[in-house]
Amino acid sequence: MSPATKKRLSYFLISTIVLLVVGKFVYNSLQGNTVYFFSPTDLSNLSEKPNGLIRVGGLVKKNSIKEKQKNASYTFTITDLKNDTYVEYEGLLPNLFQEGKGAVIEGVLKDKKFLLAQKILAKHDENYMPPEVAEALKKSGNWNKNYDQ
Amino acid sequence: MLDLFQLKKIFQLGDSFFYWLKILFMSIIIFGLILSLFVSPKDYLQGDTVRIMYVHVPASWLSLIIFSAMGVSSIIALIFKIRVFTIYAKSLAPIGFTFSLISIFTGSLWGQPTWGTFWTWDARLTSMLVLVFFYIFYILSWKLNKNFFSAEKYSSIIAILGLANIPIIKFSVEWWNTLHQPASIKLTEAPAIHSSMLMPLFIMFIGFSLFSLFVFFIRYKTEILKLKQNKLKNILK
């Protein structure tokens, strides 16, 4: 290895280490700020009610979706199995928005437990299978609870 | 196999090699498309939308793999001045760029019916967009810089910096709350995807990889001819 190569290599290694350390600090400080969505528990732990648009994510509680016929608006509950957030929404629901499945709701908090939704995003999990397999798994009792999240 | 990547050998690859490679990748992709679009089953939740995955996932994987290869090549080129690695990285860039665009485009086509939105600023989608910009900056640094040596320097630095983004994309779905689902196929666990859907996915991945290799060989040859034309070929010794 020529001296010039050694010099370049040491520059590279030193800057990599510096960048890794800086990256670690940036990552730690970003953890608080880059929250795509809050869980209902996160919300209840907040000291004051956030203003403006926020997102709340979790499971749509079973048997909680209710439709108000008059103005095509819905109410339902988002849960992380510890705390709940009540949501009111007017508009179309995405196809994959179902009870027992994950969803992310964008809207404004009226109070810490009550969200006026403006947009609903259905969350899809990483499990892919044909309908017959899903059917068979449910029948045989091998249905993994994780598939419902 | 390694010999293939040496300067002399690549010019010994005759037309028949390219002809058969072309036949091979095209038949694998056609076979994979038939499997994924017609033969493979619907998903129990998404229905037919799941078929977008057979293009989206291999394109995303390849855009990450190709940028990683470009980053590592750039490190070798910049530190050890083995210039042929610069040419590898330069030849790979447009292929990876195309796959990253395919990944974003098919992803938003899938996102609209599934999530209910074409685009959202979660960590996975944002970091993937950053990758697209790294590809653009890398390609632009070659286009805008007429001097080979300064273009080599700047593009290599861009590729090395962009290398830091690759683990961010990969682990974004684990480090942060994202709308994008976590990986279905992991090295350490059984895949969360049924085997009837896994097979077409891997066939498509092999087809796309062979296609990348094919374009890479062509671009590599072109780059060498360009160097010859600019009387820079002796730098590759």
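The structure displayed is predicted, hence computed values, not measured ones.

## Quick word on the overall build of chain B
When you go through chain B residue by residue, the secondary structure sums to 8 helices and 0 strands. For chain B, the N- to C-terminal ordering of α and β elements is α-α-α-α-α-α-α-α. Rg of the C-alpha trace for chain B: 19 Å, near the compact-globule value of 18 Å for 237 residues, within the 12% margin. If one aligns the C-alpha atoms of chain B with their principal axes, the spans along those axes are about 60 × 40 × 30 Å. By residue count, 37% of the 237 residues in chain B fall in the buried class. Restricting the contact set of chain B to residue pairs at least 6 apart, pairs at least 24 apart contribute 75%.

## Thoughts on helix α3 (residues 53-80) of chain B
The end-to-end C-alpha distance of α3(B), which contains 28 residues, comes to 40 Å, matching closely the 40 Å that a straight helix rising 1.5 Å per residue would cover. Most of α3(B) is tucked away: 20 of the 28 residues are buried.

## Focus: the packing of α3(B) against helix α7 (residues 165-175) of chain B
Packed helices, taken two at a time, are described by their axes: the angle between them and the distance between them. Residues and elements named next belong to chain B. Put simply, α3 and α7 touch, their axes get as near as 10 Å, and they point 155° apart. Between α3 and α7, the interaxial angle falls into the category roughly antiparallel. In the packing of α3 onto α7, the handedness of the crossing is left-handed. Contact residues: L64, F67 and S68 in α3; I166, I169 and K170 in α7. For the contact of α3 with α7, the per-class residue count stands at 4 nonpolar, 1 polar and 1 charged.

## Here's the deal with the interface of chain A and chain B
At the interface, 29 residues of chain A touch 32 residues of chain B. For the side of chain A that touches chain B, the secondary-structure elements that each account for two or more residues are α1 (3-33), β6 (114-122) and α3 (131-140) of chain A. Per element, the largest residue contribution to the side of chain A that touches chain B is 6 residues, and it comes from α1(A). Counted by class, the side of chain A that touches chain B contains 18 nonpolar, 7 polar and 4 charged residues.

## Looking at the nonpolar core
In this structure, A103(A), I105(A) and A89(B) are the most contacted members of the largest nonpolar core, which totals 73 residues. A total of 13 residues in this core trace back to one element, the largest contributor, which is α3(B).

About the criteria used
- Residues numbered from 1 in each chain as written.
- Chains lettered and ligands numbered in written order.
- Predicted model: local features only at pLDDT ≥ 70, side-chain atom pairs only at ≥ 80, totals over all residues.
- Helix = DSSP H or I, 4+ residues; strand = E, 2+ residues; numbered from the N terminus.
- Rg over C-alpha atoms; globule rule 2.2 N^0.38 Å.
- Buried ≥ 20, exposed ≤ 12 C-beta atoms within 10 Å, placed from the backbone.
- Contact = placed C-beta atoms within 7 Å.
- Expected span 1.5 Å × (residues − 1).
- Axes fitted to C-alpha atoms, helices over the stretch in contact; angles between N-to-C directions.
- Parallel < 35°, antiparallel > 145°, perpendicular 65-115°, else oblique.
- Left-handed = near helix turned anticlockwise from the far one by under 90°.
- Nonpolar A, V, L, I, M, F, W, Y, C, P; charged D, E, K, R; others polar.
- Core = buried A, V, L, I, M, F, W, Y, C linked by C-beta atoms within 7 Å.

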